[in-house]
Amino acid sequence: MPEPIIQFREYQRPVFDDNETGVLVLHWSRQIGKSFTLAAWAVDRLLTRPGRLVTVLSNSKDNGQEFALKCAEVCRKFDEAKKRVIEQYGLKDLSTSVEYSDMRFEIAVKVKGRVGRIKVLAANPRTARGFSGDLILDEFAFHEDSAAIWDAAEPILSSNPDFLCRVASTGNGTGNMFYRMATEGRFKVSRVRRSDAWRMGVRIYDAKTRRPITPEEARAQALDKASYDQNYECAFASETGALLTHELINRAVNPDGVIIDGDAIPDEAAALLSDASREIYFGGDLACTHDFSVLPLAVKEGSSLRIPFIWRIRGSRLPAQENFIARVISFQSVRRAAFDSSGIGLGLVQHLQDDEGHAAYGWKVEGVNFSTKEPVSRRVAANGHRGPMASVREIMATELVGEHEDGRITYPCDAVMRDDIRKPQKIRTSNGRETIAAESTKTGHADHFWGLALVVRAASFGTAWTFDPVVVAPDAGAS
């Protein structure tokens, strides 16, 4: 019995053998054979499917060349194994049946007269649109504009069930598409930590003495433990910018919720609003032209808020939006509503509150001026704020993040909303305190984030929730 062409480790073999999974994500430690495993898989696709094209998008020229060299190494091993079989069993020379040539960034394999290729290309959205066959995204967490690359590649993959995709990388923080693919549960994930590989025979050596050591010893020697954990133990370095991480959002997303583009009230929403026994809250961030008016409807269930519907309106004149809002808050089930009155929403809010036509329910409406200050909430005080007052913006952002951290809010979410609610950023003040109400002016107005924050505020009015305002006396640490 001939020896196997390649000796795979226990964690490598399932990836090499998998020719059925459409998208497989490899979240592997560094230096445990990730690229070699995929190179072998790519060569096997050419051998078993003559004429196949496998496109590899690499994050750098050097890494791309290394991947091509690994593919060439696999081909050479195949040639050597074939020759051993021929010599051992006296078979006819089959050298004309399978041929390969390696160029700098391309491997060509001729099988039964048909030439298949492994093409290694620079990673960008343009090249992602140009492939037709299997796709390997190597070190995908380090690709520039990874979201755009996936956006370009996904339609091609979904057009043919025979096209397979392998996405491989170590971690690189949480602000990239690889993090989402590895953590959101949409795709099959192969996750192999250095400690897992070590138990399966992969050796680790001391940087100075070169003697074998354990993963625990290697981590103890690491100068940066967070970096070690990300490189070797499949952790993701924590974000320092976005208030709402992908992890917090993933926990809050309710796939049964609905985002409604426009101001229609579907039957399901009308039925919910018509149930007077419900405790419902409404609110949102208002816009008229370029930005969205984002208006979530929240149902209080115990100490949690479930948001089954979010209305997202763009390009609608304020009178039309006022009519829609008036229809919603006129239901007896709606207890309170809060809207941004910092800009164009001021007139709308005042009209809802004062107009005689809305007198029966205008009292439910609160206008929130983001530029004002209020007594700090318990959460803001616990977050290190010094002094009795804080900006409304900081208070609302703190409360929304806190509801996510406590697991007490759920809502529907799509790609537009996910991107938008991650726009508000953390900043560090001159006295070293971290405030969480700042927002990058380059990334828009975060309409969805503030829409959620406003409905949380509406639901907190007059209740004993943990985020009701409390006053901190000046001598309790005022600066």
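Owing to the predicted nature of the structure, the values given are computational and were not obtained by experimental measurement.

Asker: Any details on the packing of helix H12 (residues 318-329) against helix H13 (residues 345-354)? Residues and values, ideally.
Answerer: Contact geometry for H12 and H13: axes closest at 10 Å, N-to-C directions at 45°. One element, H12, and the other, H13, form an angle in the oblique class. The element H12 and its partner H13 pack so that their crossing is right-handed. Side by side, H12 and H13 meet where Leu318, Gln321, Glu322, Ile325, Ala326 and Ile329 of the first sit next to Leu348, His351 and Leu352 of the second.

Asker: Got a sec to walk through the pairing of strand E10 (residues 280-284)? Specific residues and values, please.
Answerer: The buried fraction of E10 amounts to five of the five residues, a majority that puts the element mostly inside the structure. Summarising the sheet, E10 and strand E11 (residues 293-301) pair through three bridges and their orientation is antiparallel. Along E11, the bridge assignment pairs Ile280 with Val299. Taken together, the five bridges between E10 and strand E13 (residues 334-340) define a ladder with parallel strand orientation. Within E13, the residue paired with Gly284 across the bridge is Phe339.

Asker: Account for unusual backbone geometry, naming residues and giving values.
Answerer: Negative phi is the rule for most residues except glycine; trans is the rule for most peptide bonds. Located in the positive-phi region is Arg210, a residue other than glycine, with phi close to 65°. Residue classification places Arg210 among the exposed positions, given a relative accessible area of 52%. The phi dihedral of Cys234 is positive, around 60°, even though this residue is not glycine. Its location among the elements puts Cys234 in the loop between helix H9 (225-232) and helix H10 (246-252).

Asker: I'd like to hear about helix H17 (residues 447-460), residue by residue, with values.
Answerer: Every α-helix carries 3.6 residues per turn, so stepping three or four residues along brings you back to the same face. With 14 residues, H17 should cover 20 Å at 1.5 Å per step; its first-to-last C-alpha distance of 20 Å lies within 8% of that length. For H17, a buried count of 14 out of 14 residues is recorded, marking the element as mostly surrounded by other parts of the structure.

Asker: Any chance you could break down the nonpolar core for me, citing the residues and the numbers?
Answerer: Phe67, Ile118 and Ile136 are the most contacted members of the largest nonpolar core, which has 36 residues in total. Those elements that place two or more of their residues in this core are helix H1 (13-17), strand E1 (23-28), helix H2 (34-48), strand E2 (53-58), helix H3 (61-89), strand E4 (106-111) and strand E5 (114-122). If one sorts the elements of this core by residue count, H2 sits on top with eight residues. Discounting chain neighbours no more than four positions away, the residues touching Ile118 are Ala42, Val43, Leu46, Val54, Val56, Cys71, Phe105, Glu106 and Ile107. Residues Ile249, Val368, Val392 and Val456 belong to the second largest nonpolar core, which totals 34 residues.

Asker: Mind laying out the pattern of salt bridges, listing which residues take part and the relevant values?
Answerer: A complete count under the given rule lists 26 salt bridges for this structure. Here Asp261 and Arg312 are joined by a salt bridge, their closest N and O atoms 2.9 Å apart. Of the two residues, Asp261 sits in strand E9 (residues 258-261) while Arg312 sits in strand E12 (residues 304-313), which places them 51 residues apart along the sequence. Classification of Arg312 by relative accessible area gives buried; the value is 7%. Ionic pairing is found between Glu403 and Arg408, a salt bridge with its closest N-O pair at 3.2 Å.

So, how was this worked out
Residues numbered from 1 in each chain as written. Predicted model: local features only at pLDDT ≥ 70, side-chain atom pairs only at ≥ 80, totals over all residues. Heavy atoms only, no water. Axes fitted to C-alpha atoms, helices over the stretch in contact; angles between N-to-C directions. Helix = DSSP H or I, 4+ residues; strand = E, 2+ residues; numbered from the N terminus. Parallel < 35°, antiparallel > 145°, perpendicular 65-115°, else oblique. Left-handed = near helix turned anticlockwise from the far one by under 90°. Contact = heavy atoms within 4.5 Å. Buried < 20%, exposed > 50% of the residue type's maximum accessible area, 1.4 Å probe, protein only. Pairing = 2+ DSSP bridges. Expected span 1.5 Å × (residues − 1). Core = buried A, V, L, I, M, F, W, Y, C linked by side-chain atoms within 4.5 Å. Salt bridge = Lys/Arg side-chain N within 4 Å of Asp/Glu carboxyl O.

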